[in-house]
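Take a look at the letters that make up each chain.
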Amino acid sequence: KDFAQNLAEIAELKGFETTVTTSSAQARKACKEGGFAVALIDQQHPDGAGTDLLEEVRRHSPDVVSIVVTGFPSLDSTVAALNRGAFAFVTKDSQAPEIASTLERAAENARLRDENRRLRNTQEAILDSIPDFLVLVDERGLVRSVNRQDLVLWPQGLTETTAQTLRDSLADHL
C-alpha cells in the first residue's frame, strides 16, 4: 500500500489525478467506472496476479495504457506482461524520475490513441456526409476508406473481392 501511495504522489507531482486501489477487486471496480488513461498495475495483488488484471483492463478498457510494476522482476514476467498488452514494465526499485518518465510516455501514448480515434471518427463523419460515392486510395492503390454510398453499390459492403475489383477498375486512373 505504501508503494502504491508513493507512485500516486509521483504521478500527482507530474500533474496526474490518481486513484489508488489495494486489490484486484478494487481495481476492477475502478476500471469499470472508467475515466482512466493510464493504469499502473502491481504484478502481485493479495487477490490475484497483475497480468490477469492487465488482461481484464485491456478487455474492458482497451484504450487504457497499462504499466506493470513488480518487486520481483524476471524475464518471464516481463515478457508475459508485454505479451498481454502492457505498455511498459518497471521495477519497484526504479528511481522516481524513471517512473515519472514512463508514466509521461504512457500518458502521451494514451493521448495519441485518443486523438487518433477522434480523427478517424471525424474522417468517417466527413465521408458519410458526402452525398457522392468517394473512395480514398493510398499511394500503392489500396482502398483505405469508402463513404457509406458504397452500400448503394454493394449492399453487402465493400469486401476484399469488391475492393480488388474496384482497384483494378481504377488502376488506369491513379
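Residues numbered from 1 in each chain as written. Predicted model: local features only at pLDDT ≥ 70, side-chain atom pairs only at ≥ 80, totals over all residues. Heavy atoms only, no water.

Engineer: Whenever I open this one, the packing of helix H2 (residues 24–33) against helix H3 (residues 50–60) confuses me. Can you help?
Structural biologist: In the contact formed by H2 and H3, the axes pass within 10 Å of each other and the chain directions differ by 10°. By the angle between their axes, H2 is roughly parallel relative to H3. Of H3, the residues touching H2 (which contributes Ser24, Ala27, Arg28 and Cys31) are Leu53, Glu56 and Val57. The class makeup of the residues in the contact of H2 with H3 is four nonpolar, one polar and two charged. (Axes fitted to C-alpha atoms, helices over the stretch in contact; angles between N-to-C directions. Helix = DSSP H or I, 4+ residues; strand = E, 2+ residues; numbered from the N terminus. Parallel < 35°, antiparallel > 145°, perpendicular 65-115°, else oblique. Contact = heavy atoms within 4.5 Å. Nonpolar A, V, L, I, M, F, W, Y, C, P; charged D, E, K, R; others polar.)

Engineer: Even after reading the chapter, I still don't get the environment of alanine 25, so can you show me in this structure?
Structural biologist: Among the secondary structure elements, alanine 25 is positioned in helix H2. For alanine 25, a relative accessible area of 43% puts it in the partly exposed group. Alanine 25 sits 20 residues away from histidine 45 along the chain, and the two C-alpha atoms are 9.5 Å apart. (Buried < 20%, exposed > 50% of the residue type's maximum accessible area, 1.4 Å probe, protein only.)

Engineer: Teacher, can you tell me more about the nonpolar core here?
Structural biologist: Across soluble globular proteins, nonpolar side chains show a tendency to be buried alongside one another. Core analysis: the largest hydrophobic core is formed by 13 residues, its most contacted members being Val38, Ile67, Leu103 and Ala106. At the level of elements, helix H1 (2–13), strand E4 (65–70), strand E5 (88–91) and helix H5 (96–129) are the ones that each hand at least two residues to this core. With five residues, H5 is the single largest residue contributor to this core. With residues up to four places along the chain from it excluded, the contact list for valine 38 reads Val64, Val65, Ile67, Leu103, Ala106 and Ala107. Formed by twelve residues, the second largest nonpolar core is a distinct cluster that contains Ile41, Leu54, Ala81 and Ala86. (Core = buried A, V, L, I, M, F, W, Y, C linked by side-chain atoms within 4.5 Å.)

Engineer: Would you mind going over the layout of surface pockets with me for this structure?
Structural biologist: Gaps between atoms show up when a probe of the same size as a water molecule is rolled over them. Empty space within the largest pocket amounts to approximately 890 Å³. Together, 35 residues line the largest pocket, and Thr19, Val20, Thr21, Ala39 and Leu40 are the ones closest to its centre. Breaking the lining of the largest pocket down by element, the ones donating at least two residues are H1, H2, strand E1 (38–42), strand E2 (44–45), H3 and H5. Taken together, the residues of the lining of the largest pocket break down into 23 nonpolar, eight polar and four charged. (1 Å grid on protein atoms, 1.4 Å probe; cavity = no way out; pocket = protein on both sides within 12 Å on 5 of 7 lines; lining within 4 Å. Points joined across faces, edges and corners; volume = space filled by probe spheres on them.)

Engineer: Sorry if this is basic, but what is going on with H1 here?
Structural biologist: For H1, built from twelve residues, the straight-helix expectation of 16 Å at 1.5 Å per residue is met to within 8% by its first-to-last C-alpha distance of 17 Å. Among all positions in H1, only Leu7, Ala8, Ile10 and Ala11 are buried. On an axial view of H1, the arc spanned by its buried residues comes to 160°, and they lie on one face. Opposite the packed face of H1, turned more than 90 degrees from it, sit the exposed residues Asp2 and Leu13. Backbone geometry just downstream of H1 places glycine 15 in the positive-phi region, at approximately 95°. (Expected span 1.5 Å × (residues − 1). Arc of directions from axis to C-beta.)

Interpretation note: all reported values are geometric properties and have no functional meaning in isolation.
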